[in-house]
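# Chains, contacts and geometry: an overview
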Amino acid sequence: MVRILTEDTAEKFLKSFIPVVKGILTCNFKQAENYAKKLSYSLVLKIISKQALHKSDIKGVRIVNNRKEFEENYIDLLNIAKKRKLKLKGIILHEYVKG
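### Examining the sheet that holds strand β3 (residues 61-64)
The strand order across the open sheet built from 4 strands is β1-β4-β2-β3, with neighbouring strands paired in antiparallel fashion. Strands at the two margins of the open sheet, each flanked by one partner only, are β1 (23-26) and β3. The mean angle between the axes of side-by-side strands here comes to 20°, regardless of whether they run parallel or antiparallel. In terms of strand pairing, β1 meets strand β4 (residues 90-95) through 4 bridges, oriented antiparallel. Across the sheet, residue G23 finds its bridge partner in β4, namely H94.

So this is what it looks like as C-alpha cells:
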C-alpha cells in the first residue's frame, strides 16, 4: 500500500533528520498575512493538497517579493484550488532560500 504524503507532512518527518526552511501551513489569508509579516520577502507560496502533488503542473507554486504580490498570489492559488475542485489542506508559506 502506497501512502501519499503532502509536503507539510513530509517536512515534519524530515525536520528530525535535516534542516528545512522556515514555513507554515496556513488555512486562511489572515493567518498567512500574519506569518508573512514575521518573515522577510521573498516568500514561496505552495498549494497543499493530495490532489496536487505536482504543483508546478497546475501553477501551484509562486515566489513573491512584496506584500502586494503576496496578496495577489495567495488569492490566485485559492482560486486555482477552487477551479480544479481540489480538497485543499492549505497554502504553505516558506522563506525563499537561494541555492
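After that view, the rundown keeps rolling.
### A word on the pairing of strand β2 (residues 43-48)
Among the 6 residues of β2, 6 are classified as buried, and the element is accordingly described as predominantly covered. Side chains L43, L45 and I47 of β2 all project onto a buried face; the interleaved residues V44, K46 and I48 project onto the opposite face, where all are buried too. Two strands pair when backbone bridges link them, and β2 and β4 are joined in this way by 6 bridges, in the antiparallel orientation. Bridging from a neighbouring strand, V44 pairs with H94 of β4.

### Digging into unusual backbone geometry
Of note, the amide linkage connecting Y41 to S42 takes the cis form, showing an omega dihedral of 25°. Among the secondary structure elements, S42 is positioned in the loop between α2 (29-38) and β2. Here K85, not a glycine, exhibits a phi torsion of approximately 55°, which is positive. Note on placement: K85 falls in the loop between α3 (67-83) and β4. Residue K85 is classed as exposed on the basis of its relative accessible area, which comes to 74%.

### Here's the deal with a nonpolar patch on the surface
A contiguous nonpolar patch, built from F13, L14, F17, I18 and V20 and spanning about 470 Å² of accessible area, is present on the exposed surface. Topologically, V20 is positioned in the loop between α1 (7-14) and β1.

### As for the packing of α2 against α3
For the pair α2 and α3, the least separation of the axes is 11 Å and the interaxial angle reads 150°. When the axes of α2 and α3 are compared, the pair comes out roughly antiparallel. Between α2 and α3 the crossing geometry is right-handed. For the pair α2 and α3, contact is made by F29, A32, E33 and A36 and by R67, F70, E71 and Y74, respectively. Broken down by class, the residue content of the contact of α2 with α3 amounts to 5 nonpolar, no polar and 3 charged.

The rules we used
Residues numbered from 1 in each chain as written. Predicted model: local features only at pLDDT ≥ 70, side-chain atom pairs only at ≥ 80, totals over all residues. Heavy atoms only, no water. Pairing = 2+ DSSP bridges. Helix = DSSP H or I, 4+ residues; strand = E, 2+ residues; numbered from the N terminus. Axes fitted to C-alpha atoms, helices over the stretch in contact; angles between N-to-C directions. Buried < 20%, exposed > 50% of the residue type's maximum accessible area, 1.4 Å probe, protein only. Patch = residues over 30% accessible without salt bridge, like charges linked within 9 Å, V, L, I, M, F, W, Y side chains within 5 Å. Areas by Shrake-Rupley, 256 points an atom, 1.4 Å probe, with all protein chains shown as cover. Salt bridge = Lys/Arg side-chain N within 4 Å of Asp/Glu carboxyl O. Parallel < 35°, antiparallel > 145°, perpendicular 65-115°, else oblique. Left-handed = near helix turned anticlockwise from the far one by under 90°. Contact = heavy atoms within 4.5 Å. Nonpolar A, V, L, I, M, F, W, Y, C, P; charged D, E, K, R; others polar.

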